[in-house]
Amino acid sequence: MAKVTLYSSRFCTYCAHARRLLEAKGVAYDELHIDQDPDLRLQMESKSQRRSVPQIFIGDYHVGGFEEMWQLDKSGKLDALLQD
């Protein structure tokens, strides 16, 4: 299974949705709270070129936010990415 990294903040509804989707699929993930570490925010912005959370990476592939991950799931493409 591919490594999943979730950049999030504690009070983000979309972050909670992303966690629930990954957990429903039985996917382990590393969650990095950018609101607790300014260096993580800079790292996320550098990697994703975005400032909003969540930002989700599967391996080196930048999925985007929850809505993009949800669309991948609905189209049947998320499971294949997670298996790589």
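Note that the coordinates shown come from a computational prediction; the quantities given were computed from them, not determined experimentally.

## Let's talk about the packing of aromatic side chains
Reasoning step 1: For the structure shown, the criterion picks out 2 aromatic pairs.
Reasoning step 2: An angle of 75° between the planes, with centres 6.0 Å apart, marks the rings of Tyr7 and Phe57 as edge-to-face. Of this pair, Tyr7 sits in strand β1 (residues 4-8) while Phe57 sits in strand β3 (residues 55-58), placing them 50 residues apart in sequence.
Reasoning step 3: For Lys47, the ring lying beneath its charged end belongs to Phe57, and the centroid distance is 4.4 Å.

## Overview of the environment of Ala28
Reasoning step 1: Along the polypeptide, Ala28 turns up in the loop between α1 (13-24) and β2 (30-33).
Reasoning step 2: A residue is classified by how much of its surface remains accessible, and Ala28, at 64% relative accessible area, is exposed.
Reasoning step 3: Placed 24 residues apart in sequence, Ala28 and Val4 show a C-alpha to C-alpha distance of 7.1 Å.

## A closer look at the packing of α1 against helix α3 (residues 66-74)
Reasoning step 1: In contact at an axis separation of 9 Å, α1 and α3 are set at 30° when each is read in the N-to-C sense. The angle between α1 and α3 falls in the class roughly parallel. In this structure, α1 meets α3 at a crossing whose hand is left-handed. Contact residues: α1 offers Tyr14, His17, Ala18, Leu21 and Leu22, while α3 offers Phe66, Glu67, Met69, Trp70 and Asp73.

## Topic: the environment of Tyr14
Reasoning step 1: Here Tyr14 is to be found in helix α1.
Reasoning step 2: Each C-alpha atom, one on Tyr14 and one on Asp60, is 21 Å from the other, the two residues being 46 residues apart in sequence.
Reasoning step 3: Setting aside anything within four residues of it in sequence, one finds Tyr14 in contact with Pro54, Phe66 and Glu67.

## Description of unusual backbone geometry
Reasoning step 1: The peptide bond linking Val53 to Pro54 adopts the cis configuration, its omega dihedral lying at 0°.
Reasoning step 2: One non-glycine residue, Gln49, lies in positive phi territory at about 60°.
Reasoning step 3: Note that Gln49 resides in the loop between α2 (38-48) and β3.
Reasoning step 4: Judged by relative accessible area, which is 65%, Gln49 ranks as exposed.

## Considering the environment of Ala80
Reasoning step 1: On the secondary structure map, Ala80 appears in helix α4 (residues 78-83).
Reasoning step 2: We classify Ala80 as partly exposed; its relative accessible area is 44%.
Reasoning step 3: Spatially, the C-alpha atom of Ala80 lies 9.7 Å from that of Ala2, the residues being 78 residues apart in sequence.

About the thresholds
- Residues numbered from 1 in each chain as written.
- Predicted model: local features only at pLDDT ≥ 70, side-chain atom pairs only at ≥ 80, totals over all residues.
- Heavy atoms only, no water.
- Phe/Tyr/Trp six-rings, centres within 6.5 Å; stacked < 30°, edge-to-face > 60°.
- Helix = DSSP H or I, 4+ residues; strand = E, 2+ residues; numbered from the N terminus.
- Lys NZ or Arg CZ within 6 Å of the ring centre and 35° of its normal.
- Buried < 20%, exposed > 50% of the residue type's maximum accessible area, 1.4 Å probe, protein only.
- Axes fitted to C-alpha atoms, helices over the stretch in contact; angles between N-to-C directions.
- Parallel < 35°, antiparallel > 145°, perpendicular 65-115°, else oblique.
- Left-handed = near helix turned anticlockwise from the far one by under 90°.
- Contact = heavy atoms within 4.5 Å.

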